[in-house]
Amino acid sequence: MILVTGGAGFIGSHLVADLVASGQAARVFDDLSSGKRENLAGLRGVELVEASLVDAAALERACAGVTTIYHLAACPSVPKSFDEPAFCHAVNATGTLHVAMAAARAKVRRVVFASSCAIYGNTGDVAVAETRPPQPKSPYAAQKLLGEHYLNDYGAAHGFTTVSLRFFNVFGPRQDPSSPYSGVISIFCERLLRGEAITIHGDGRQTRDFVAVADVVQALRLAAKEPGVVHGSVWNVATGRSRTLLELHAALAALVGGAPPPCHGPARAGDIVRSAADITAIQTNLGYRPRVGFTDALASTLDWYRMRAAAVAQAVDKRGATPRSGGKA
Ligand code: UD1
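Because the structure is a prediction, the values reported are computed rather than measured.

(A) Spotlight on the pairing of strand S1 (residues 2-5). Burial along S1 is two-sided: the residues Ile2 and Val4 and Leu3 and Thr5 are all buried. Pairing of S1 with strand S2 (residues 26-30) involves four bridges; the strand directions are parallel. Pairing of Val4 across the sheet is with Val28, part of S2. Remark: the S1/helix H1 (residues 10-21)/S2 crossover connection has right-handed handedness. Pairing analysis gives four bridges linking S1 to strand S4 (residues 68-71), with the strands arranged parallel. Across the sheet, Thr5 pairs through a bridge with His71, a residue of S4.

(B) Here's a closer look at the site of the ligand. Every one of the 20 residues lining the ligand counts as a neighbour, but Ser116, Val184, His201, Arg208 and Asp271 are closest to it. At 3.2 Å, a backbone N or O of Pro76 approaches an oxygen atom of the ligand. Here Ser116 contributes a side-chain N or O atom positioned 2.3 Å from an oxygen atom of the ligand. In the complex, the protein chains occlude 92% of the 730 Å² of accessible area that the ligand would expose alone. For the shell around the ligand, the secondary-structure elements that each account for two or more residues are helix H6 (184-194) and strand S8 (199-201).

(C) Just the nonpolar core, in detail. Residues Ile11, Tyr70, Leu165, Phe167, Leu220 and Ile282 are the most contacted members of the largest nonpolar core, which totals 43 residues. Counting only elements with at least two residues in this core, the list comes to S1, H1, S2, strand S5 (110-116), strand S6 (161-167), helix H7 (213-225), strand S11 (233-237) and helix H9 (280-286). Non-local contacts of Ile11, meaning those with residues more than four positions away in its chain, are made with Leu72, Phe167, Val170, Val213, Val216 and Leu220. Membership of the second largest hydrophobic core comes to 25 residues, among which are Ala58, Ala73, Ala102 and Ala103.

Conventions used here
Residues numbered from 1 in each chain as written. Predicted model: local features only at pLDDT ≥ 70, side-chain atom pairs only at ≥ 80, totals over all residues. Heavy atoms only, no water. Buried < 20%, exposed > 50% of the residue type's maximum accessible area, 1.4 Å probe, protein only. Helix = DSSP H or I, 4+ residues; strand = E, 2+ residues; numbered from the N terminus. Pairing = 2+ DSSP bridges. Right-handed = clockwise from strand over helix to strand, strands pointing away. Near = heavy atom within 4 Å. Polar contact = N/O pair within 3.5 Å; in protein donor to acceptor, adjacent residues only side chain to side chain. Areas by Shrake-Rupley, 256 points an atom, 1.4 Å probe, with all protein chains shown as cover. Core = buried A, V, L, I, M, F, W, Y, C linked by side-chain atoms within 4.5 Å. Contact = heavy atoms within 4.5 Å.

Structural data, given as structure tokens:
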């Protein structure tokens, strides 16, 4: 049995769909705080355990008969980790310790952990390799780093293999745009489609390596199945090409047929200025290859937000109610 924590969320539900498509059964552990039941709609052989990572006993029960854990559940936001540091610590750090404890008890073989490039801090324009010493600049980054250590230490002591994948900026269908903590591409897509103004925090010259969710799923699957993986391996998951927010805005504006220039607000606390990934290690060790082109992935992501907006409008029409401006999917 495979356990996916956070399996009803944005990245998790894409992973679960891929597992199901390849004939595997999956157990999803998700408290549905940001994940949604409908993200798993139509997927056969998926069992949902609705519980939080802070509930160590529930996690231990969910690990019965499990051989592989994909640990994706998290409170994945840099600004939220400043606003609610204790809560985020409980989920991201203590929650990951609970995963390590449960994996040890259940004699799980491998844990693949969704870590973060936030761990590197500001890297300048240099593409960072995994050998770079961590310099976390936010509680979120520190919590993810601690999570890597907990899993490595427990794995070494109890015989399971841990692989930590440091995700760069993941985007794609089903990313929820409705919170101020949402990923920038989800926010920009939704605003552009509504004809609303876009706010860039800072001058827009900050860079990110935006990686399509399908490529992240590719990396997760490889990390779980590659037999020769060394315990404690850490790999970047990205495309190897960074873009500024101004470039992102221009690419999206072109896809929607033009948009007004963005507004600029103050830079966010703890915001990374430059983020660039060296993906040589994951390419060499796992045979990972980014397959999805940036513009194609942006276009299909925009299509998904279009469809979502149409579905919301249709539902509102049926009820004869007034559309809300920022509701959840
Ligand atoms: C993201 C991830 C986080 C990951 C981290 C690694 C999300 C939601 N968070 O954080 O899980 O660990 O990368 O570094 O994907 N921005 C705007 N306008 C907006 C929204 C955002 O200008 O309306 C800017 C932000 O200030 C930031 C950039 O866009 O400079 C990206 O922000 P965001 O998508 O929240 O991601 P990160 O903070 O990079």
